[in-house]
Amino acid sequence: MFVQLLCTVLVIINLCDDVSAAGRPRHIVFIVADDLGWNDIGFHNPDIITPNIDKLAREGLLLNHHYVQPLCSPSRAAFMSGYYPFKTGLQHSVILENQPVCLPLNITILPQKLKELGYATHIVGKWHNGFCSWNCTPTYRGFDSFFGYYGAMEDYYTHVIRGFLDYRNNTTPVWTDNGTYSTLRFTDVATDIIERHNQSQPLFLYLAYQAVYGPIEVPAKYEAMYPNIKSENRRKFSGMVSALDEAVGNVTKTLRQRGLMDDTLILFTADNGGGVDESGNNYPLRGSKFTVYEGGTRAVGFMYGSGLQKTGTVFDGMIHAVDWLPTLTAAAGGTPVSDRDGINLWPSLSTASPSPRTEVVYNYDSHPQPVQGHAAIRVGDYKLIDGYPGPFPDWYKPEQVTSSLNTRFSRDSANQYQLFNLKDDPNERNDLSNFRPDMVKKLAARLAWYKKQAVPPNFPETPDDLSNPALYGNVWSPGWC
Ligand SMILES: *[C@@H]1O[C@H](CO)[C@@H](O)[C@H](O)[C@H]1NC(C)=O
Ligand SMILES: *[C@@H]1O[C@H](CO)[C@@H](O)[C@H](O)[C@H]1NC(C)=O
Ligand SMILES: *[C@@H]1O[C@H](CO)[C@@H](O)[C@H](O)[C@H]1NC(C)=O
Ligand SMILES: *[C@@H]1O[C@H](CO)[C@@H](O)[C@H](O)[C@H]1NC(C)=O
Ligand SMILES: *[C@@H]1O[C@H](CO)[C@@H](O)[C@H](O)[C@H]1NC(C)=O
């Protein structure tokens, strides 16, 4: 009673929102959906069946301008490090299995920050921040436990990619799970962690599902939920989303059953937009995964639970993936992190008040392939794209099969710059670059300031033969960088 009263007083002066009634930091569950598009979730698209996720989003804080990178590794590196990928060398593409690359080891990453605050830290699912050395892998970078895979993608049942296993419990390869759909297994592992957790310690669970990235695979019962969808791939894809929804339902049910829910802050986000060549969809947003258009970068996201003082509402402020390290560290009661690109948005999110973030860099990639730039920035309502925005430049409807279209976007057919007013034109239909040279100049100057801070992309073109899994018992393994 006294503690609650004290907190009520202290909340007013914003001091107590980091300590729960239990006298220790709140639990944090950070759920990432892979390649989930803007239009692939029930709360944006009534054709998709996601009742559990919709309910959390509706009763939580909907993140309406939450930006991520156009691809997996860069977004995950941003979540973990709080740095833009153009500061860590990960801006060009994703980390390939045979590249000796990982998120730089001199950066203290999110689980390490939370460990310093006393958290138990667990990762289930996809890592994709590099694994060429053991020091790059999750259990050497602040996670107490790991169950999942190191790379980009793999078969959902065999857990094999390019002929070799990528699937581990901590550091040990798991050969005994052939045939188990990863969404089910990862949920089992996550609920097991919650059930075993001693609540006197704060819990950090980073639950990065394989769903809903390709390959398009789903148990028949989920596909059967969509008899009206004619495209087989879109039907299966929709089933994958519903399996993910059931998974989130099971995780939250376990949190409730174990009495953790009241004290848990949940963050749910996609890592990038839907891949329209893999049946993902971002309509009415423009573009796809791979592009710096909003369809590739404006992610489905919400927060739910402990510490949010205003719920059932929409947070319209700008957020970028880099903000989660400082923000979650603050939500955990840590001292403010100010040495990163990310901004601590916890004071704004917890009170649903305006975001201090006024600009976002979508990417800056100086790599020669693909051509020229691939850079974009938003300042206030305006967005400038400089050079090639990526493939799939159109507005795709859910059942459109885009892999059969010629979607490559020729640099020659466009101006160097495209300028949009996202407040009036969130779907990027009216390029204003010819009408607002003043604004082009202003944003280009701001982008140039960021470009000066970039490190070169770390993207070795030649595969490293020492990565060959045949050298390590037919498992993609560390030990070659
Ligand atoms: C990490 O090392 C790189 C290369 O030496 C350096 O440029 C960078 O500033 C370092 N980053 C941190 C956070 O120490
Ligand atoms: C992972 O390994 C640990 C330690 O051997 C074991 O207790 C746990 O049950 C394993 N987890 C799974 C999901 O197999
Ligand atoms: C998984 O099982 C299938 C069918 O029995 C088999 O063909 C495949 O080789 C197995 N893969 C692994 C990695 O065990
Ligand atoms: C949980 O941890 C606390 C503090 O270490 C300990 O006192 C308590 O016995 C533990 N509870 C269980 C059920 O293990
Ligand atoms: C959710 O839990 C139910 C009941 O235990 C189980 O049948 C189902 O397979 C689980 N679903 C997922 C996606 O984990």
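Residues numbered from 1 in each chain as written. Chains lettered and ligands numbered in written order. Predicted model: local features only at pLDDT ≥ 70, side-chain atom pairs only at ≥ 80, totals over all residues. Heavy atoms only, no water.

The name recorded for the protein in an unreviewed UniProt entry is Arylsulfatase, from Haliotis discus discus. On record in UniProt, under Sequence similarities (unreviewed entry), the comment for the protein is "Belongs to the sulfatase family." Its UniProt record, at the heading Cofactor (unreviewed entry), says of the protein: "Ca(2+)". (UniProt positions renumbered as here; feature names shortened; annotations may be inferred.)

Draft legend 1. Spatial organisation of the site of ligand 5. As a structural note, the neighbourhood of ligand 5 is formed by L184, T187, A243, E246, A247 and N250. In this structure, a nitrogen atom belonging to ligand 5 sits 2.5 Å away from a side-chain N or O atom of E246. N250 places a side-chain nitrogen or oxygen 2.3 Å from an oxygen atom of ligand 5. Protein chains bury 56% of the 360 Å² of accessible surface belonging to ligand 5 in isolation. Of all the secondary structure elements, the ones that give two or more residues to the shell around ligand 5 are α6 (182-196) and α8 (232-257). Take the shell around ligand 5: its biggest share by element is four residues, from α8. Split by residue class, the shell around ligand 5 holds three nonpolar, two polar and one charged. (Near = heavy atom within 4 Å. Polar contact = N/O pair within 3.5 Å; in protein donor to acceptor, adjacent residues only side chain to side chain. Areas by Shrake-Rupley, 256 points an atom, 1.4 Å probe, with all protein chains shown as cover. Helix = DSSP H or I, 4+ residues; strand = E, 2+ residues; numbered from the N terminus. Nonpolar A, V, L, I, M, F, W, Y, C, P; charged D, E, K, R; others polar.)

Draft legend 2. Fine view of the sheet that holds strand β1 (residues 27-33). Spatially, β8-β7-β4-β3-β9-β1-β10-β11-β2-β12 is the arrangement adopted by the ten strands of the open sheet, whose pairing is mixed. Among the strands making up the open sheet, the edge pair consists of β8 (172-173) and β12 (313-320). Inspection of the sheet shows β1 paired to strand β9 (residues 203-208) by five bridges, in the parallel sense. Across the sheet, residue I28 finds its bridge partner in β9, namely F204. (Pairing = 2+ DSSP bridges.)

Draft legend 3. Layout of the pairing of strand β2 (residues 61-67). Of all seven residues in β2, seven are buried, a share of seventy percent or more. Alignment of β2 against strand β11 (residues 301-305), held across two bridges, turns out to be antiparallel. Its bridge partner lying in β11, L62 is registered against F302. As judged from the six bridges shared by β2 and β12, these two strands associate in the parallel manner. Each residue of the ladder has a partner; that of Y67, found in β12, is H320. (Buried < 20%, exposed > 50% of the residue type's maximum accessible area, 1.4 Å probe, protein only.)

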